[in-house]
Amino acid sequence: MNSARWRLVSPHLDQVLELSGEERQSYLHELAKTDFTLATDLMVLLGEEQALHDEKYLEHDAQDLFADSKLVGQTFGAYALVEPLGAGGMGSVWLARRSDGHFEGTAAVKLLSAALLGPEGAARFRREGTILARLKHPHIAQLIDAGISGAGQPYLVLEYVEGEPIDRWCDGRSLDVPSRLRLFLDVLAAVAHAHSNLVVHRDLKPSNVMVSKDGRVKLLDFGIAKLLATETGAPTQLTRDLGQAFTPAFAAPEQILGETITTATDVYALGALLYLLLAGRHPAGGPGTKPAEMLRAILETDPMGLSEAAHDPRAAEQRGSTPERLRRELRGDLDTIVAKALKKRPEERYGSVTALAEDLRRYLAEEPILARPDSLAYRAAKFARRNARSLAVAAGAVLAITATIAFYGARLAEERDRVRIEAQKSAQVSEFLTGLLTHADPYEADRRDPTVSSLLDAGATRVRQDLAQQPEVERQMLNLLGRIYVRRGAYEQALPLLEEAVALGRRTLGPSRELAQSLNDLGVAWRQKAQSDTARATLEEALAMRRQVLGDKHPEVAVTESELGRVLSDQGHLEEAEAHFRTALAIRTEALGPADHETATSRSDLGFLLRSKGDLAGAERLLRQALETTRKTRGPLHPDVGTALANLALVANERGNYRAAEAMYREALAIGRASVGKNHPDYAQRLANLAGALRLEGKISEAAATAEEALSVSRPALGPDHPAVARQEVGLARIYLDQGRPAAGETLLRHALEVQQRSYSAEDWRIGSTQSLLGAAEIGLSRFAEAEPHLLRAYEILKVTPGSEGQQSREGRENLARLVALYEAWGRPEKAAAYRSSR
């Protein structure tokens, strides 16, 4: 039934639903005399409504419809059926246990319904297996096996998800609105992955979105999914059958009307699911709504606004709120987002699931959403709320700079002409800062949302234009803007500003506290750009100048000691780095006290280095102290807390406590997302760390997806040839090797090795580690002659001393195992034995 036909049938359906049984039959009899086709359509609709009513639609568990004890114990592939889990139009789903004796485990086995045991049904079932095999995502239940039993029964073996439907899971834990939205973003990520593989789910509903006991979303049942790439031309019978298989309550209007199915169909169902999760009821009606009334509402009636629907006290309680507070929270942006997803016409909905996810992320980040009309007041309010901390920092910067200028004026007060000059300077700087925060408003320029980046860019331009005749203030402003760019991960923008600040300082100040600060900041920026030699030379100059001007025990000296130690650690000079870290810790402990946050930073630096050297006990003690102090002094959500957690997680990994490491990485990741955003290199590194922990836990698919996401952030942020990117490529290559994908791993490792050979000394252990992994990839590709020189070079670099610890030694032992594996696979047992004896 198409939309034009529905518009003709709908008024008659309204009338006939109000009639009693005899009156209804009489009405249909009379209508058939004048329009037999219309009467037939009505009878079909009424028959469907009655069937749903008879089945007590939405009022019982599907398991009651199909439980068949005769199937218990039957074997399909390597799995024996244990008990039924659910049923649908495609067939039944069973809990099963592996029965071949090789491994232990459970799975979900899906059997094709006997009613579909024909050519079309078998084709449909094979199609489901093909689709599921293509969809590999941490939030999609994975296909394990597929086949046909000896009795001719087609089956699929799927990952078994022990959990609850997403609505029950959220309600049972009284999750608040932000927590529900963050969980829903995982659902959107899974559907977006399916869409990127040209697959539309078409039956998204709570029972197909499960949440496991540990809180992981898993999307189920692609049994009616449509491969867009093959759906061209006239519809086949298979296509028509698939088009009719959906759950009415979560069906889009075009599904009900038999019109074209697109990704927008899934967007509608996701909107309905989100409405249910947030408001506690379905957009087309409550629990008592009849199926026919629900279908009519989906087709004809705009749903009640999300915030208006949130009036049930029980639903509000399940969201940790009250009806009044919940309505306020849902009013505005969330009303708009859900309404756009639920538009009747597909072209009026979000253009993609990714666009819907982007607006939800914007809402959570207090950024303007894209679904609502622009208005100056709206965007300004969002800007102020989102950047409250940044604006406070900007205000603080204004006060700090004003105070600095006042200091200069006081120092030169004895010279009346200089007093007049300094007063003019102070007024000019105040005017400059005021203009930066008002006249440089991007609202006036191009109507885009104002951002901190746009203000910084405008500020850098105006510093050069307006302060060219005030070199001391120009230097200070350039240095300030450069430091802010560094903290935001915008190193390309930071470097020229900091270089200009240093050049101005050399011309106007000479050796001084201010020039030493500029040199320190420039060295930090060079380190972030992986220019280690330049960074080292710049920081050594800064350190010498600070000692000359301030003495050996000043806290600012400790700052540069720490930064120089980090560069030396990057270069692999661990002993030199340790000396600088210990000096910084001693200075800060004496000058600032053991409970200061800068002292905690030095403990963290030293603990991170001790871990690299294999002193796990010493590292853990320092890192726990650093975490405790940082939480007390900085608050639980400060970026330094995330760094301390990530460092401590590395030690947990080394000790084999992978679950604890994963939990700490996830907490650090959440802090990073809130503090620096998802496009910052630090966020990418935390993703990469999490991927490493997941790999060690055996969660290989999720590890791969997480590591790939890390690279998608770090490559554009740092550039493809940055050592941090190379390090993440090596981590992803390890996962690919675990997955049995040596070709994919080899590509990453070859590029990473080129970057590392340009960045580190030839004997650096990281180069040896990458050489060893490259050899492992070539063994996997049976290219033994190519693998041998890589593994032998790694053997020379990764010397193993008996009883030694640290990452280098562990990598060396792994390389020895790879050499043994190489020579055994190559048929050279004498060489294998020689290296086996040295392990």
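Residues numbered from 1 in each chain as written. Predicted model: local features only at pLDDT ≥ 70, side-chain atom pairs only at ≥ 80, totals over all residues. Heavy atoms only, no water.

Caption draft 1: Geometry of the overall build of the protein chain. Check the secondary structure of the protein chain and you find 39 helices and 11 strands. Expressed as a percentage of its 839 residues, the buried residues of the protein chain come to 49%. Long-range contacts, defined here as pairs at least 24 residues apart, represent 60% of the contacts in the protein chain between residues at least 6 apart. Total accessible area on the protein chain stands at roughly 38,600 Å², and carbon and sulfur atoms take up 52% of it. (Helix = DSSP H or I, 4+ residues; strand = E, 2+ residues; numbered from the N terminus. Buried < 20%, exposed > 50% of the residue type's maximum accessible area, 1.4 Å probe, protein only. Contact = heavy atoms within 4.5 Å. Areas by Shrake-Rupley, 256 points an atom, 1.4 Å probe, with all protein chains shown as cover.)

Caption draft 2: Inspection of the pattern of salt bridges at higher detail. Throughout the structure, instances matching the rule amount to 53 salt bridges. We note a salt bridge from Glu 254 to Arg 349, for which the minimum N-O separation is 2.8 Å. Of this pair, Glu 254 sits in helix H9 (residues 253–256) while Arg 349 sits in the loop between helix H15 (333–341) and helix H16 (353–364); the two residues are 95 residues apart in sequence, bridging distant segments of the chain. Pair check on accessibility: Glu 254 and Arg 349 agree, each one buried. Across the pair Glu 654 and Arg 611 runs a salt bridge whose closest N-O atoms are separated by 2.8 Å. Taken together, the residues span a long stretch of sequence, with Glu 654 in helix H30 (residues 639–654) and Arg 611 in helix H28 (residues 597–613) at a distance of 43 residues. (Salt bridge = Lys/Arg side-chain N within 4 Å of Asp/Glu carboxyl O.)

Caption draft 3: Looking closely at unusual backbone geometry. The residue Arg 202 is not glycine, and still its phi comes out positive at about 75 degrees. Here Arg 202 is to be found in the loop between strand S8 (199–200) and strand S9 (209–212). Taking the relative accessible area as the measure of exposure, Arg 202 reaches 6% and is therefore buried. Even without glycine at this site, Ser 782 takes up a positive phi of about 60 degrees. Take Ser 782: it is sitting in the loop between helix H36 (765–780) and helix H37 (784–797).

Caption draft 4: Focus on the nonpolar core. Formed by 92 residues in total, the largest nonpolar core has its most connected members in Val 486, Leu 645, Tyr 665, Ile 735 and Leu 749. With 9 residues, H30 is the largest single contributor of residues to this core. What Leu 749 contacts, discounting residues up to four positions off in sequence, is Val 730, Ala 733, Thr 770, Leu 773, Leu 774 and Ala 777. Among the nonpolar cores identified, the runner-up in size contains 61 residues, and Ala 190, Leu 204, Ala 252 and Ala 284 belong to it. (Core = buried A, V, L, I, M, F, W, Y, C linked by side-chain atoms within 4.5 Å.)

Caption draft 5: How the structure looks around the packing of helix H32 (residues 681–697) against helix H34 (residues 723–738). Running from amino to carboxyl end, H32 crosses H34 at an angle of 25 degrees, the nearest separation of the two axes being 10 Å. Classified by the interaxial angle, the pair formed by H32 and H34 is roughly parallel. With respect to the hand of their crossing, H32 and H34 are arranged in left-handed fashion. Within the contact between the two elements, H32 uses Ala 684, Gln 685, Ala 688, Ala 691 and Arg 695 and H34 uses Arg 727, Gln 728, Arg 734, Ile 735 and Asp 738. Partitioned by chemical class, the residues of the contact of H32 with H34 number 4 nonpolar, 2 polar and 4 charged. (Axes fitted to C-alpha atoms, helices over the stretch in contact; angles between N-to-C directions. Parallel < 35°, antiparallel > 145°, perpendicular 65-115°, else oblique. Left-handed = near helix turned anticlockwise from the far one by under 90°. Nonpolar A, V, L, I, M, F, W, Y, C, P; charged D, E, K, R; others polar.)

Caption draft 6: Here's a closer look at the sheet that holds S9. Read across the open sheet, the 3 strands follow the order S7-S9-S10; overall the sheet is antiparallel. The sheet is open, and its two borders are formed by strand S7 (163–165) and strand S10 (217–219), each paired with just one other strand. Between one strand axis and the next, the sheet turns by 35 degrees as a mean value, whatever way the strands run. Across 3 bridges, the pairing between S7 and S9 is antiparallel. The residue of S9 that forms the bridge with Gly 163 is Ser 212. Packing against the sheet, helix H7 (residues 177–196) makes contact with S9 and S10, and its axis sits at approximately 35 degrees to S10. (Pairing = 2+ DSSP bridges.)

Caption draft 7: Here's a closer look at the environment of Asp 176. One can find Asp 176 in the loop between helix H6 (166–172) and H7. For Asp 176 and Gln 318, which are 142 residues apart along the polypeptide, the C-alpha to C-alpha distance reads 7.9 Å. A polar contact is formed between the side chain of Asp 176 and the side chain of Ser 179, at a distance of 2.6 Å. (Polar contact = N/O pair within 3.5 Å; in protein donor to acceptor, adjacent residues only side chain to side chain.)

Caption draft 8: Main features of the side chain of Ser 604. Its place among the elements puts Ser 604 in helix H28. What Ser 604 contacts, discounting residues up to four positions off in sequence, is Leu 623, Ala 626 and Asn 647.

Caption draft 9: Quick peek at the environment of Phe 581. Along the chain, the position of Phe 581 falls in helix H27 (residues 574–592). Sequence spacing of Phe 581 and Arg 566 is 15 residues, and the spatial spacing of their C-alpha atoms is 8.4 Å. Ignoring any residue separated from it by four or fewer positions in sequence, one finds Phe 581 in contact with Ser 562, Gly 565, Arg 566, Asp 605, Leu 606 and Leu 609.

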